[in-house]
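# Descriptive structure summary
Here's the letter readout for the chains.
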Amino acid sequence: IDLDLQRSGGKGLYLLQKFRREEKQKPADEQEPTKMAIGVEGGFMDDKWEIIKEYSLLAISASGERSTLPYPSQDLPILVSDVCEAIEKHQGVQSQEAVSQWEEEVKESKYYKELVQLPAMKKISPSPKDWKCEKSGDTQNLWLNLSDGYIGGGRRHWDGSGGSNGALEHFEEEKAKGNFFPLVVKLGTITPDGADVYSYAPDEDNLVKDPLLAQHLEHWGIDVMKMEKTDKTLAEMQVDLNLNWDWSKICESGDKPLVRLRGPGLVGLKNLGQSCYMNSSVQLLLALPEVKQRYMDADFQIRKSGPSEVQNDLISQVAKLANGLNGPRYAPPLKDGEDEEDPKHVVAPQMFRTLIGRGHPEFSTSRQQDAAEFIQYFLEQLTRAERSALGSRVIGDRPTSGMFDFAVEERMQESSGSRRVKYSRTQETMLGIPVKLEDAENLAEVTAYKAAHEKDEKDPKKLKTEGVEEPKPLVQLSTCLARLAAQEEGIQFRGSAASKTTRMATMPRYLLVQLRRYYVDEKWCPAKLDCKVPMPETLNLEHLRGKGLQPGEEEMPEEPDDRGAAAPPAAAPEADEMIVAQLISMGIGENAAKRASLAVNNSGAEAACAWFFEHSEDPDINLPPAAGAQPAGDAGFDPEAVSTLCSMGFAEAHVRAALKSCMNSVERAADWLFSHADDLDAAVAAVNGSGTAAGPSRVDNEDGVGEYELLGFVSHIGKHTSHGHYVCHMRRGEGGSWVIFDDSKVAKSEAPPLDLGYLYLYRRKDA
């Protein structure tokens, strides 16, 4: 109210809202979750409180006199009553129902209407005892092809467990013959209410709905009205994974309750519906001393200097969030017997979430997201917002992201001939370290257990793994770093084969390390490798420092710069055949593989695979690449986009550089143009990879000795990246002790799981 009075002239009428909560009685017949959903029937329920609301009016005169009035009241003017009623009904910046409910969407298959069904030369028995895989003889996890009645096993997992893969292999065999039989149904899940239906079609490759399922099953002699459920659905299996997988270790939710903490810097964040990825990321970043020094404004100076529509100002929203987490407002000392879950002591960052996600296809939704992608996106957006605020609204002359930015040195060497070298630099904010199952030092033990477990499933009378804890693969960080530093062969560079090595050219003040625990699961979707990677509390990366051109090395000449003359039309790029072949071997379609290879400029199979995972749901992912297609961010600008931005008074050359820098996003390109208005020519030269009159456009990164100490880490709980939960551990307690931030819960960490993290934050010792 005081801040608003300063902005509005010292007088006003306010609706005071006083909310208190009462615990709801838990239904005696409450069921365990059966589907991947939040806040809906059959899903995970997250609201156990009933909110009691009370209202009154506060009138403040120009002289500062304050009066409290009852509300509702028949004595109030109609206009005041109408405004207050509108405020009551207003749900905030986003509907609370929308953010508190989430359910995994299953779409109708586009193939169910015209599904081919061969003449029924056999009938499928309704008894589970008669079902078996026609390829392997397995009797578990069986799928019926609705087109030809073939029964095959489910997909085989990355580690050899799971099904026999018979159903998928049969689909591929028939496809090679010219037959297209995409829909299969999981036997054992068929009931009068439906069943699990999966589409093997490359453009669907997911669970789907078949509105004609009863009719399609009747063709094979199955009456859905007489069927009973005998096997778990895929959704139930996913729920089991997310209920049981590593929650106790990562969340430290064992028998002994953790000691709750509260104070400045020890404030929790409300989960707004699958927002734990954002909460954990924010806790990791906003308590850093430099961030607090920049954004803590107890006198509201940052927010008072912002635009009137503060909900659209990222600088104001970050300041509000930083003050909420690190200031005293939400952090009174804990008292004996006090309700530890009281929401008045928790920050609900709804306005921040809405603003940071606006216009983004993923972060604007209530779906679970990748914390690493969010941190990079947040730092990018904050950098854009800070360009016009540095030195005026916020202190300093470098963006916050500059503390995390570092240069990467790439060395290309010809594989034959004179073996000349070419050095170049790229900018990164996160060090991605590969984690591979084949690098596990206990791989033999893990493989033996899997094999024994499979035998137990086939012959439950002779159990070999009963009572034996499943071993986790153990991968040492030194092995991962060796893989990162290894020379990559077979790279196409300037029309010939070359080798590539990557090193760190500078060491940032704060180093974000991402452990890439991903593989392709049984549905050819990105999933997480369940393994341990012990991370040290001190880390020396000087052995990864790049040293530039060395004595005896012959450097390749720069490619000719023909900016002064009209450039001839570039030849249409071709996808690298080796990269395409590797992606196809992973189950990725040929057209999608070509698109992925082109999108990363044929730089390598790993980069192309990562690009495919990020764009696997694009509507054109399986269409042939357009002739002459250019990699993302290159030529091929939308004429309407160019025209729109030029109409704002910008030159076409500036507009094209902005679109190139912003991946053809008009909204982001406009922001880029305005934020670089002071020196557009230099910014355009940097985008186009050329120097300016003042000299080369190399970024001036902070640097120092590459010795680091661990400050905190974010862990992901769950088997799949699109599900599960994130928590954050930070050194923020007394004497630098560990604290766990699990959304609204903040507690002393007794056993931080340093070997199960996903993102790690290190600080350079000499910073």
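Located above this text is the structure these notes cover.
One structure accompanies this document, and this report is about it.

Rules behind the numbers
- Here the residue numbers are simple positions, counted from 1 along each chain's written sequence.
- pLDDT decides what is reported in this predicted model: residues at 70 or higher carry local features, side-chain atom pairs at 80 or more are listed and counted, and totals for whole chains, interfaces and linings draw on all residues regardless.
- For the side-chain quantities, the full set of heavy atoms in the structure was used; hydrogens and water were omitted.
- Only DSSP runs of H or I reaching four residues or more are called helices, and only runs of E reaching two or more are called strands; each is numbered from the N terminus.
- Note on exposure labels: buried denotes an accessible area under 20% of the residue type's maximum, exposed denotes more than 50%, and partly exposed covers the range between, all computed with a 1.4 Å probe on protein chains only.
- We call two residues contacting when some pair of their heavy atoms lies within 4.5 Å.
- Each accessible area is a Shrake-Rupley estimate made with a 1.4 Å probe; only the visible protein chains count as cover when residues are assessed.
- We call Phe, Tyr and Trp rings a pair once their centres come within 6.5 Å, taking the six-membered ring for Trp, and we label the pair stacked below 30 degrees between planes, edge-to-face above 60, and tilted otherwise.
- Charge over a ring is defined by NZ of Lys or CZ of Arg lying within 6 Å of the ring centre and within 35 degrees of the ring normal.
- Basic side-chain nitrogens of Lys or Arg form a salt bridge, by our definition, when they fall within 4 Å of a carboxyl oxygen of Asp or Glu.
- Throughout, an axis means a line fitted to C-alpha atoms (over the contacting stretch in the case of helices), and angles, computed between N-to-C directions, take values from 0 to 180 degrees.
- In this classification, the charged set is Asp, Glu, Lys and Arg, the nonpolar set is Ala, Val, Leu, Ile, Met, Phe, Trp, Tyr, Cys and Pro, and all remaining amino acids, among them Gly, are polar.
- Being paired, for any two strands, means DSSP has found at least two bridges between them.

### A word on the overall build of the protein
- Counting its regular elements, the protein contains 22 helices and 27 strands.
- For the protein, the proportion of its 767 residues judged to be buried stands at 44%.
- Here the contacts in the protein between residues at least 6 apart in sequence split such that 70% fall between residues at least 24 apart.
- By element, 51% of the accessible surface of the protein is carried by carbon and sulfur atoms, the whole surface being about 39900 Å².

### Concerning the packing of aromatic side chains
- Taken as a whole and assessed by the stated rule, the structure comprises 18 aromatic pairs.
- Both rings, one in tyrosine 277 and one in phenylalanine 374, keep their centres 5.5 Å apart while their planes meet at 80 degrees; by these two values the pair is edge-to-face. A residue pair is termed long-range when its members are at least 10 positions apart, and tyrosine 277 in helix α8 (residues 276-285) and phenylalanine 374 in helix α13 (residues 371-386) qualify at 97 residues.
- Relative accessible area serves as the criterion here: at 1%, tyrosine 277 is assigned to the buried category.
- Summarising the aromatic geometry, the rings of phenylalanine 363 and phenylalanine 374 are spaced 5.5 Å apart at their centres and angled 90 degrees between planes, so their arrangement reads as edge-to-face. Pair noted here: phenylalanine 363 is in the loop between α12 (350-357) and α13 and phenylalanine 374 is in helix α13, with a separation of 11 residues, a long-range link. Comparing phenylalanine 363 with phenylalanine 374, the two get one shared label, buried.
- Through pairs of rings, three or more aromatic residues link up here, namely Tyr111, Trp143, Phe171, Phe180, Tyr198 and Tyr200.
- Against the face of phenylalanine 19 rests lysine 53, its NZ or CZ located 5.1 Å from the ring centre.

### With respect to the pattern of salt bridges
- By the definition in use, this model includes 32 salt bridges.
- Of the charged contacts, one joins lysine 122 and glutamate 134 as a salt bridge, the two residues approaching to 2.9 Å between their closest N and O atoms. Of the two residues, lysine 122 is situated in the loop between β6 (107-108) and β7 (142-145) and glutamate 134 in the loop between β6 and β7; the sequence distance between them amounts to 12 residues.
- For glutamate 134, a relative accessible area of 42% puts it in the partly exposed group.
- Across the pair lysine 135 and glutamate 169 runs a salt bridge, and its minimum N-O distance is 3.8 Å. Within this pair, whereas lysine 135 is found in the loop between β6 and β7, its partner glutamate 169 is found in helix α4 (residues 166-176), the two being separated by 34 residues in sequence.
- Its relative accessible area of 39% is what places lysine 135 among the partly exposed residues.
- The class of glutamate 169 is partly exposed, set by a relative accessible area of 23%.

### Brief notes about the packing of helix α11 (residues 314-326) against α13
- At a closest axis distance of 9 Å, the pairing of α11 and α13 adopts a crossing angle of 120 degrees. For the pair formed by α11 and α13, the contact residues are Leu314, Ile315 and Val318 on the first element and Phe378, Gln381, Leu382, Ala385 and Glu386 on the second.
- Its residues assigned to classes, the contact of α11 with α13 shows six nonpolar, one polar and one charged.

### Remarks on the sheet that holds strand β10 (residues 197-199)
- Ordered in space as β6-β11-β10-β9-β7-β8, the six strands form an open sheet in which the pairing is mixed. Sheet topology places β6 and β8 (151-153) at the edges, where each strand pairs with a single neighbour.
- Helix-sheet contacts for α4 involve β7 and β8, and the interaxial angle to β8 is about 120 degrees.

### What about the sheet that holds strand β1 (residues 12-23)?
- Here three strands make up an open sheet; going across it, the order is β1-β3-β4 and the pairing antiparallel. Looking along the sheet, the strands with just one partner apiece sit at the ends: β1 and β4 (66-70). Along the sheet, successive strands turn relative to each other by an average axial angle of 35 degrees, direction set aside.
- Alignment of strand β3 (residues 49-60) against β4, held across five bridges, turns out to be antiparallel. Bridging from a neighbouring strand, alanine 59 pairs with serine 67 of β4.
- This element, helix α2 (residues 78-89), spans β1 and β3 of the sheet and lies at about 40 degrees to β1.

### Quick notes on the pairing of strand β25 (residues 738-742)
- With five of five residues buried, β25 is to be regarded as a mostly interior element.
- Neither face of β25 is open: one carries Trp738, Ile740 and Asp742, the other Val739 and Phe741, and all of them are buried.
- Pairing analysis gives four bridges linking strand β24 (residues 725-731) to β25, with the strands arranged antiparallel. The partner of methionine 730 across the bridge, within β25, is valine 739.

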